[in-house]
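# Inside the fold
One letter stands for each residue in the lines below.
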2 protein chains.
Amino acid sequence: MNLSLISEKLGIPEWRLRGAIKRHSVQVLGYRGREVLVFRKDVAGVERGTVVFGDEVVRGYPKIKRALLLSAALRSWKAEQVAVEEKLNGYNVRAALVDSRVVGVTRGGYVCPYTTSKLREARECRRLLEDNPELMLCGEAVGTSNPYVVHEYPEAGEFGFFVFDVRHRDTNEPLSIPEKRRLLEEYGVQGVPLLGVFRREEAADRVLEIAQRLGAEGREGVVLKDWEMVEEPLKYTPSQTNLSDLRHAFAYPYDYGRDFLFSRIIREAYIAVEREMKGEELSDAAAALGRSILLPMVESIRRVMKGEVLGESYELEFRSEEELLEMLEFLRRQGVSVQVEVLEEGGRRVRLKKLRHASTDRIRAVLRSGT
Amino acid sequence: MNLSLISEKLGIPEWRLRGAIKRHSVQVLGYRGREVLVFRKDVAGVERGTVVFGDEVVRGYPKIKRALLLSAALRSWKAEQVAVEEKLNGYNVRAALVDSRVVGVTRGGYVCPYTTSKLREARECRRLLEDNPELMLCGEAVGTSNPYVVHEYPEAGEFGFFVFDVRHRDTNEPLSIPEKRRLLEEYGVQGVPLLGVFRREEAADRVLEIAQRLGAEGREGVVLKDWEMVEEPLKYTPSQTNLSDLRHAFAYPYDYGRDFLFSRIIREAYIAVEREMKGEELSDAAAALGRSILLPMVESIRRVMKGEVLGESYELEFRSEEELLEMLEFLRRQGVSVQVEVLEEGGRRVRLKKLRHASTDRIRAVLRSGT
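Figured I'd write up the structure that's included with this text.

## Focus: helix 5 (residues 123–131) of chain A
Burial in helix 5 of chain A covers these residues: Cys125(A), Leu128(A) and Leu129(A). For helix 5 of chain A, the arc enclosing every buried residue in end-on projection is 95°, short of the 170-degree limit, so these residues lie on one face.

Here it is, written out as structure tokens:
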């Protein structure tokens, strides 16, 4: 591998890259006969999730700050306008060309075979990337048929890919919102919905309204962006989304980090303060929070009492048995333990159950010892 | 200091003790002109909280296991009988003679000047210890006037000390329950209430009843003990106690460890399962949990918005200004930040406010930045 060329492309000193490889902050893997670097941590300003195939760079998607209090977060906003895009509930994917073929890279920097196969069915993405190979499409993969986040979107069906950013793959430089929209429209690639553009002064109130409406419809939230993409974007999610995250996490209470749980609990307090809740409204919000925590935990304990192994099921369709086996190998390497149930002769339609061993084992131990 | 003599008394190799001192697992301090060792961690089977004054040992109070599910925890219980003592809501103190005078040692192994002064007013404790200097009294200091845990007990008033274990101070060997009760009665020293002795088979049901009654009365819980003190004891607290802990902790959400919060949340799930809650009862329990989490957080955020510094206030009476200053110095060394308000001419009655800087600062930062 030409580390000197890669360092130059990434704009970091070569010794930093070598050091990071030695410390395993950058992992060296293989993909289709090429050596691949995967950044497991930020290194000298290059984002976690960055991946280099031979000498083809796909920069990591940058972390987006979360607004806990919209009004306060927008006070330090400098741009006059705030563009509000919908944040969809799926998984973050970067689509780019590698060896002239589309690949789907996960947030962590791994090529997901299932996502890659689905993206390759989308001719529009491929054409856009073939004409602009220096770009990558950063988007949310959503729908009912994927092995990560199942959420029903009428507009997506089993699998949809909605682009939120178009960026230069070597530098992570984003297109401005109008440039992005023009390009996506030209090629017929779906972007995430643009829900409005507001003057900074009125944005907090309008965004709160929008977020509440989205929450009521079971949709995740919003990302606030500067029209020119100079200002740092901000994400914001309504209470319903936090509670839904908590319901999921507390179903597997020993599999999630304490910080994951805690941060979602604390968000509810800031929402209640910003919305000036009191009396019955506040008490109802508290009750809803409590139910999102206790009920899934109680249900999981009862499942384990009945002998079940906890886990989530995903129904997926593969184009070939080979593709299924490749996906299973990918999940195994990610440390995910799955049970496979074939739903159809020939093995192309399967149910994957991701097993939550940590929670199952810990709950079993408490049921046995009582302590 | 004679480390060889101390090692022998503690029954550990001298090199282990020297190593622990080097690694700061054992701290070397001074107390009234003597060198003192404080065990900040378990070392070779000697408990955290053990303290050695010159060559006078006071062993640390052993960690008591918590029953999450009573029925399961008692299944592995071997003794035929289960004695149920009340667990009072205060702070754990060991009273022992040092230089022929009573001292009150905190759980962590520090001599608390305030507690020591209060214990010295109790003639009964002193007489018991003077006649049995090889013993220590392990008890709960409770009441409305202390700088740690304020809880109203009609039987305790401002300050009460209730013994739950009598142990040999060098070896930590406990007296059996009948020996302990005989000794406490002989000297007129108060023990914690003995709430019943049950056959193992019926104990889980009876303890659940007792715990629910205690919870309804705002009392903390129980400790299950073997009459002979051979079996490992078990503590159990009702839902009300967990919720009250959570209310307190979520008032200072960034001052408490995530594990502290998480463990108390998860206890509620096991209680709901053991009590076979469903439908409305389960939903009400969840709502109560949610209120214990959300309402104190919201209140604290609002206090910080108004410019307050978060903290808890304690009203204390000292016998002299010197004693007050000694206590302030003690708290300062423990890393506790306090504000003092003198309530009475002469400065003997004061209000101490323990400041919760971590939560105040973090909430302030969110209010300012919104993120």
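On we go.
## Comments concerning the side chain of His151(B)
Residue and element names in this part refer to chain B. With respect to the helices, strands and loops of the structure, histidine 151 is situated in the loop between strand 9 (135–142) and strand 10 (160–168). A distance of 3.0 Å separates polar atoms of two side chains, one belonging to histidine 151 and the other to asparagine 89. In this structure, histidine 151 is in contact with Asn89, Gly143, Thr144 and Gly218, ignoring residues within four places of it in sequence.

## A closer look at the relation of the copies chain B and chain A
Of the transformation placing chain B onto chain A, the axial shift is 0.0 Å and the rotation is 180°, giving an RMSD of 0.0 Å. Expressed as a symmetry operation, the mapping of one chain copy onto the other fits a two-fold axis. With an isologous cut-off of 70% or more, the 100% of interface residues of chain B that recur at the interface of chain A puts this contact in the isologous class.

## Considerations on helix 7 (residues 200–216) of chain B
At 3.6 residues per turn, the α-helix brings residues three or four places apart onto the same side. Residue and element names in this part refer to chain B. For helix 7, with 17 residues, the first-to-last C-alpha span of 25 Å sits near the 24 Å given by 1.5 Å per residue. Approximately 25° is the largest bend angle found in helix 7, and it occurs at arginine 206. For helix 7, the full list of buried residues reads Ala203, Ala204, Val207, Leu208, Ile210, Ala211, Leu214 and Gly215. Of the residues one or two after helix 7, glycine 218 is the one with positive phi, at around 75°.

## Structural notes on the pairing of strand 9 (residues 135–142) of chain A
All names here are of chain A. In terms of burial, strand 9 is largely enclosed, as eight of its eight residues are buried. Where burial is concerned, the two faces of strand 9 agree: the one with Leu135, Leu137, Gly139 and Ala141 and the one with Met136, Cys138, Glu140 and Val142 are both buried. Sheet topology places strand 7 (residues 91–98) next to strand 9; five bridges connect them, and they run antiparallel. From the neighbouring strand, arginine 94 faces strand 9, where its bridge partner is cysteine 138. Sheet topology places strand 9 next to strand 10 (residues 160–168); eight bridges connect them, and they run antiparallel. By the bridge assignment, alanine 141 is partnered in strand 10 with phenylalanine 161.

The rules behind these values
Residues numbered from 1 in each chain as written. Chains lettered and ligands numbered in written order. Predicted model: local features only at pLDDT ≥ 70, side-chain atom pairs only at ≥ 80, totals over all residues. Heavy atoms only, no water. Buried < 20%, exposed > 50% of the residue type's maximum accessible area, 1.4 Å probe, protein only. Helix = DSSP H or I, 4+ residues; strand = E, 2+ residues; numbered from the N terminus. Arc of directions from axis to C-beta. Polar contact = N/O pair within 3.5 Å; in protein donor to acceptor, adjacent residues only side chain to side chain. Contact = heavy atoms within 4.5 Å. Least-squares fit on C-alpha atoms with pLDDT ≥ 70 in both. Expected span 1.5 Å × (residues − 1). Bend = angle between axes of the 7 residues up to and from the residue. Pairing = 2+ DSSP bridges.

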